[in-house]
Amino acid sequence: DAYATATKAALVARGLRVETDFSPDKLGAKIRRAQLEKIPYMLVVGEKDAAAGVVSPRARSGEQLPAMSAENFANHVIEQNRNGEAH
């Protein structure tokens, strides 16, 4: 939870809107809920991600992006928004 909270803070500092879900629901249920809510990107942050200092982004379309740093993810989203390519 600490890594997810720190990641959220870093993304908010870059101007992105971010919500966290620390509910006890299974990962699949959380992903389905985010897709129904039309959340453009979901970041899965598990123990391995925290150890590696990365996030695992998933687009609303179901596309799994490669693991990347929170900074690189923020740059990706900002660039897509700038080009009008937001999911």
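Here's a quick rundown of the structure. The structure displayed is predicted, hence computed values, not measured ones.

So, about helix H4 (residues 70-82). Every α-helical turn comprises 3.6 residues, leaving residues that sit three or four positions apart pointing alike. The terminal C-alpha atoms of H4, which comprises 13 residues, lie 18 Å apart, in line with the 18 Å expected from a rise of 1.5 Å per residue. Looking only at H4, the buried set comprises Ala70, Phe73, Ala74, Val77 and Gln80. Down the axis of H4, the sector holding all buried residues measures 130°, keeping them to one side. Turning to H4, the residues buried within the fold contact helix H1 (2-13), strand E1 (41-44) and strand E2 (56-59). One or two positions beyond H4, positive phi appears at Gly84, with a value near 70°.

This part takes up the side chain of Asp49. Residue placement: Asp49 occurs in helix H3 (residues 47-52). It turns out Asp49 is buried and unbridged, and the closest side chain with the opposite charge, Lys48, is 9.1 Å from it. Beyond its immediate sequence surroundings of up to four residues, Asp49 is in contact with Tyr3, Val44, Val54, Val55 and Ser56.

The next thing to look at is H1. The terminal C-alpha atoms of H1, which comprises 12 residues, lie 17 Å apart, in line with the 16 Å expected from a rise of 1.5 Å per residue. Of the residues making up H1, those classed as buried are Ala4, Thr7 and Leu11. In a view along the axis of H1, the buried residues occupy a sector of 60°, so they form one face of it. Relative to its buried face, H1 has exposed residues pointing more than 90 degrees away, namely Ala2 and Ala13. The inward-facing, buried residues of H1 contact E1 and H4. Positioned one or two residues after H1, Gly15 has a phi angle of 95°, which is positive.

For the rest of this paragraph, the subject is unusual backbone geometry. Peptide bonds are, in most cases, trans, and in most cases residues other than glycine have a negative phi. Residues other than glycine seldom take positive phi values, yet Lys38 does so here, at roughly 60°. Residue placement: Lys38 occurs in the loop between helix H2 (27-36) and E1. Judged by its relative accessible area of 58%, Lys38 is exposed.

Turning next to the nonpolar core. Residues Leu11, Leu16, Tyr41, Val55, Ala59, Leu65, Met68, Ala70, Phe73, Ala74 and Val77 constitute the largest nonpolar core, which totals 11 residues. Among the elements that make up this core, the one with the highest residue count is H4 (four residues).

Criteria and thresholds
Residue indices follow the written sequence of each chain, beginning from 1 at its first position. In keeping with the predicted nature of the model, local features appear solely for residues at pLDDT of at least 70, side-chain atom pairs appear and are counted solely at 80 or more, and the whole-chain, interface and lining totals rest on all residues. No hydrogens and no water enter the side-chain calculation; it runs on all heavy atoms of the structure. Going along the chain from the N terminus, every DSSP run of H or I of four or more residues is numbered as a helix, and every run of E of two or more is numbered as a strand. Each residue after the first adds 1.5 Å to the expected span of a helix. When a residue's accessible area, from a 1.4 Å probe over protein chains only, is under 20% of the maximum for its type it is buried; when over 50% it is exposed; and in between it is partly exposed. Of all possible arcs, the one meant is that of the directions from the helix axis to the C-beta atoms. Contacts: residue pairs with any heavy atoms within 4.5 Å of one another. Charged residues are defined here as Lys and Arg on the positive side and Asp and Glu on the negative side; His and the ends of the chain fall outside this count. For this document, the term salt bridge refers to a Lys or Arg side-chain nitrogen within 4 Å of an Asp or Glu carboxyl oxygen. Put simply, buried Ala, Val, Leu, Ile, Met, Phe, Trp, Tyr and Cys residues joined by side-chain atoms within 4.5 Å make one nonpolar core.

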